[in-house]
2 protein chains.
Amino acid sequence: KELAEPTIKEAFGKCVQQGASRIIVSPYFLSPGRHWKQDIPSLAAEASKEHSNVAYIVTAPLGLHELMVDIMNDRIKYCLRHVAGDADECAVCAGTGKCHLYS
Amino acid sequence: KELAEPTIKEAFGKCVQQGASRIIVSPYFLSPGRHWKQDIPSLAAEASKEHSNVAYIVTAPLGLHELMVDIMNDRIKYCLRHVAGDADECAVCAGTGKCHLYS
């Protein structure tokens, strides 16, 4: 199953219930793909049908951002500390047995 | 075609050519998936076969990072400025006709 909960429809409904008159759907992706171009807009359109007085926007995916360099840098530094034995296995790698130095 | 150039094998070879004795392969993904678990490690292993004196690591994907909140926030603010007519269409949305307020 690919979809996490709450669904877009559920989240949309909850926002309206709490008084929202404009809803921002912000897909958490690095770059555009099928989910952003088609699936999410059509789920959002479907969800909005039940709330005709509510406007919504589907934002662009994250795209390039200068802070991504800092995030990448932290990621690489952490993994190098881990393979050197100076840091615990991180949540992403835990249990996969993937995170070590290959030679 | 899903793969951009240079290929992992080409990039690996170029790093070695320029004197690298350790190579960091850092997959640019938000979270773990098949490309990270299988495809990229196996392409890296394949590439390393030709360079037996070179060690390499495949890092974890980016994962959660507190700066992601700033990136998401900037993305949402930009899209809202765009739909309000105060900012140009961004590179991600350009030509898709997707970026407007639906009601």
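About the criteria used
- Residues numbered from 1 in each chain as written.
- Chains lettered and ligands numbered in written order.
- Predicted model: local features only at pLDDT ≥ 70, side-chain atom pairs only at ≥ 80, totals over all residues.
- Heavy atoms only, no water.
- Helix = DSSP H or I, 4+ residues; strand = E, 2+ residues; numbered from the N terminus.
- Rg over C-alpha atoms; globule rule 2.2 N^0.38 Å.
- Buried < 20%, exposed > 50% of the residue type's maximum accessible area, 1.4 Å probe, protein only.
- Contact = heavy atoms within 4.5 Å.
- Areas by Shrake-Rupley, 256 points an atom, 1.4 Å probe, with all protein chains shown as cover.
- Lys, Arg positive; Asp, Glu negative; His and termini not counted.
- Charge placed at Lys NZ, Arg CZ, Asp CG, Glu CD.
- Axes fitted to C-alpha atoms, helices over the stretch in contact; angles between N-to-C directions.
- Parallel < 35°, antiparallel > 145°, perpendicular 65-115°, else oblique.
- Left-handed = near helix turned anticlockwise from the far one by under 90°.
- Nonpolar A, V, L, I, M, F, W, Y, C, P; charged D, E, K, R; others polar.
- Patch = residues over 30% accessible without salt bridge, like charges linked within 9 Å, V, L, I, M, F, W, Y side chains within 5 Å.
- Salt bridge = Lys/Arg side-chain N within 4 Å of Asp/Glu carboxyl O.
- Polar contact = N/O pair within 3.5 Å; in protein donor to acceptor, adjacent residues only side chain to side chain.
- pLDDT = per-residue confidence, 0-100.
- Least-squares fit on C-alpha atoms with pLDDT ≥ 70 in both.
- Domains from an automatic or database assignment.
- Expected span 1.5 Å × (residues − 1).
- Bend = angle between axes of the 7 residues up to and from the residue.

Caption draft 1: Structural view of the overall build of chain A. Helices and strands together make up the secondary structure of chain A, namely three helices and two strands. In terms of overall dimensions, chain A is more spread out than a globule: its C-alpha atoms have a radius of gyration of 19 Å, far above the 13 Å expected for 103 residues. Its C-alpha atoms put chain A at 60 × 30 × 25 Å along the principal axes. For chain A, the proportion of its 103 residues judged to be buried stands at 36%. Taking the contacts inside chain A whose residues are at least 6 apart along the sequence as the reference set, 58% of them involve residues at least 24 apart. Here chain A has roughly 6,300 Å² of accessible surface; of this, 52% comes from carbon and sulfur atoms. Of the side chains in chain A, 11 bear a positive and 12 a negative charge, and the two mean positions are spaced by 5 Å.

Caption draft 2: Structural context of the packing of helix 1 (residues 8-17) of chain B against helix 2 (residues 34-48) of chain B. Residue and element names in this part refer to chain B. Contact geometry for helix 1 and helix 2: axes closest at 9 Å, N-to-C directions at 45 degrees. As summarised for this structure, helix 1 and helix 2 are arranged oblique, according to the angle between their axes. Relative to helix 2, the crossing made by helix 1 is right-handed. Judged by residue contacts, Ile8, Lys9 and Phe12 of helix 1 engage Ile40, Leu43, Ala44, Glu46, Ala47 and Ser48 from helix 2. A per-class count over the contact of helix 1 with helix 2 returns six nonpolar, one polar and two charged.

Caption draft 3: Here's a closer look at a negative patch on the surface. Taken together, the side chains of Glu66, Asp70 and Asp74 of chain A together with Glu66, Asp70 and Asp74 of chain B define an acidic patch exposed on the protein surface. At the level of elements, helix 3 (67-83) of chain A together with helix 3 (67-83) of chain B are the ones that each hand at least two residues to the negative patch. Note on placement: Glu66 of chain B falls in the loop between strand 2 (55-58) and helix 3.

Caption draft 4: Molecular detail of the side chain of His65 of chain B. Residue placement: His65 of chain B occurs in the loop between strand 2 and helix 3. Of note is the side chain of His65 of chain B, whose polar atom sits 2.8 Å from the side chain of Asp74 of chain A. A distance of 3.0 Å separates the side chain of His65 of chain B from the backbone nitrogen of Leu67 of chain B, its partner in a polar contact. Residues within four places of His65 of chain B in sequence aside, it is in contact with Ile71 and Asp74 of chain A.

Caption draft 5: Representation of the confidence of the model for chain A in the model. Confidence in the prediction for chain A averages 91 pLDDT; 98% of positions are at 70 or higher. Mean pLDDT across the elements of chain A bottoms out in helix 2 (residues 34-48) of chain A (93) and peaks in helix 1 (residues 8-17) of chain A (96).

Caption draft 6: Layout of the relation of the copies chain A and chain B. For the pair chain A and chain B, the relating rotation is 180 degrees, the translation along its axis is 0.0 Å, and the fit reaches an RMSD of 0.0 Å. What we have between these two chains is a two-fold relation. With an isologous cut-off of 70% or more, the 100% of interface residues of chain A that recur at the interface of chain B puts this contact in the isologous class.

Caption draft 7: Representation of the domain arrangement of chain A in the model. Domain annotation for chain A reports domain 1 (8-58) and domain 2 (64-103). One C-alpha centre belongs to domain 1 of chain A, the other to domain 2 of chain A; they are set 33 Å apart.

Caption draft 8: Main features of helix 2 of chain A. Residues and elements named next belong to chain A. Compared with the 21 Å implied by 1.5 Å per residue over 15 residues, the 20 Å span of helix 2 between its first and last C-alpha is a close match. Ile40 marks where helix 2 bends most, by close to 30 degrees; the proline Pro41 follows one to four residues later. Three or more residues of helix 2 are buried, namely Trp36, Ile40, Pro41, Ala44, Ala47 and Ser48. As for helix 2, its buried residues are in contact with helix 1, strand 1 (22-25) and strand 2 (55-58).

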